Amino acid sequence: SLSSAACNSEANGSRTNLSSSDSVINLDHGDPIIFEPYWRKMGDKCTVVIPGYQSLSYFANINNLCWFLEPELEKAIKRLHRVVGNAVVEDYHIVVGTGSSQLIQAALYALCPPDGPEPVSVVSAVPYYSSYQDVTEFLRSGLYKWEGDARTFDKEGAYIELVTSPNNPDGTIRERIVKQGEGKVVHDLAYYWPHYTPITSPADYDIMLFTISKCTGHAGSRIGWALVKDEPVAKKMTKFIELNTIGVSKESQLRAAKILGVISDNCLHFGSSSSDNFFEYAEHLMAKRWEELMDVVGRSAIFSLPEYPQEYCLFAGKFTEAHPAFAWMKCNNDKIEDCEKFFRGNKILTRGGKRFVADPKYVRVSMLGKEDEFNLFLERLLAIQETGYVLG
Ligand code: PMP
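Per an unreviewed UniProt entry, the protein chain goes by the name Alliinase C-terminal domain-containing protein and belongs to Nyssa sinensis. Recorded in UniProt under Sequence similarities (unreviewed entry), the annotation for the protein chain is "Belongs to the alliinase family."

This is the structure we're talking about:
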């Protein structure tokens, strides 16, 4: 098993053993292997060969503010955002990180004055991604302090609000909440891609975080990027990464550049029968899983799912629905107080509402797992609903 640090992140747990009909199904983590068949289909198109003499230096581009950012990755990121239309890139600095997890910490560091009279408050609206609290607290920094729910935050003074949109765990579209005082906002747009949600406008916030993990599914490459408007903030974020890891793996950056380049190329063939358009493929896959889940959930009143409005997606050129990476399921049965425990009793591991500072009647279920794992989940959910066998 993994360390407790890994358990707090999305990487929690081991792969489900599907050989046995009563095996444990692990839908707790957000490990994005759902897209693996697409990448198999791409064959050698994404293969990157790196000879031994290449990429020895710490430096990638000494003329760039983010001196360890590979120029090819910078180009590929800008191109992809222009193709998809989910974020403005003109007049932004790009800072690359070892996953967007590192960039969350870099942003906190960059937004706090080094000599402030007291730690800057860090808040996010409930239910929020549990790692925010964990990363804010784990080094007991004197720069910032976790203050919890943005909705009930009423302190004067400096604060940082973390806004996740679409939100992890519940898939809702969010805007900043706190209005008083001198606030800075970090927009975590990990899921603002057309397979998860309609792209309604190019985002142009001051600090926007993205990750290849949730975009293409290449979580193992550990590549994230920040689009930052303000130069001093981008410089401080770069400094954080310099102090933390002296840059970001060039091998990972080159691989990410290749993969992002391939999906941009493939976007040119939208809607054709021979389309290799990644977002079209991924949207179909997510829509199919959501339809199947909604069908099963709709057969009884025991569980319910949030509803998402149809919106016009500028990328798809039509009205589309959200298909979030996680299902935020509620148990409506009075006998089930703790839905995570209930599912665990049925050999289904989920992440309970309490982890997101929400009602324990909720659980977060990953929609990004392997096909057979997801199908087994549906089967078991159906059996629970038909027999209600653990309800009595
Ligand atoms: N932000 C959000 C909202 C996430 O859900 C995740 C991963 N689950 C991350 C950031 C971190 O992603 P990574 O470090 O893999 O880039």
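There's more to say after this.
Turning to empty space enclosed by the protein, a few remarks are in order. Scanning all chains against the criterion turns up 2 cavities of 30 Å³ or more. Quantified by volume, the largest cavity comes out at close to 50 Å³. Contributing to the lining of the largest cavity are P166, N167, N168, G171, Y191, Y196, P324, A325 and F326. Grouping the constituent residues of the lining of the largest cavity by class yields 6 nonpolar, 3 polar and no charged. Its boundaries defined by the atoms lining it, the second largest cavity holds a volume of some 40 Å³. Surrounding the second largest cavity, L285, K288, R289, E292, E371, F374 and N375 form its lining. It is helix α9 (residues 278-297) that contributes the most residues to the lining of the second largest cavity, 4 residues altogether. Split by residue class, the lining of the second largest cavity holds 2 nonpolar, 1 polar and 4 charged.

Let us look at the environment of S304. Here S304 shows up in strand β9 (residues 303-304). Put simply, S304 and E373 are 69 residues apart on the chain and 21 Å apart in space, counted from C-alpha to C-alpha. Excluding anything up to four places from it in sequence, S304 contacts V297, W328, M329, K330 and N332. Only 3.2 Å separates the side chain of S304 from the side chain of N332, close enough to count as a polar contact.

Attention now goes to unusual backbone geometry. The amide bond that connects V126 to the next residue, P127, takes the cis arrangement and shows omega of -5°. In this structure, P166 follows S165 across a cis peptide bond, with omega equal to -10°. By secondary structure assignment, the location of P166 is in the loop between β5 (159-164) and β6 (183-188). For K347, which is not glycine, the phi torsion reads 60° and is therefore positive. Within the secondary structure layout, K347 lies in the loop between α10 (339-345) and β13 (348-349). For K347, a relative accessible area of 35% corresponds to the partly exposed category.

Cut-offs and rules
Residues numbered from 1 in each chain as written. Predicted model: local features only at pLDDT ≥ 70, side-chain atom pairs only at ≥ 80, totals over all residues. Heavy atoms only, no water. UniProt positions renumbered as here; feature names shortened; annotations may be inferred. 1 Å grid on protein atoms, 1.4 Å probe; cavity = no way out; pocket = protein on both sides within 12 Å on 5 of 7 lines; lining within 4 Å. Points joined across faces, edges and corners; volume = space filled by probe spheres on them. Nonpolar A, V, L, I, M, F, W, Y, C, P; charged D, E, K, R; others polar. Helix = DSSP H or I, 4+ residues; strand = E, 2+ residues; numbered from the N terminus. Contact = heavy atoms within 4.5 Å. Polar contact = N/O pair within 3.5 Å; in protein donor to acceptor, adjacent residues only side chain to side chain. Buried < 20%, exposed > 50% of the residue type's maximum accessible area, 1.4 Å probe, protein only.

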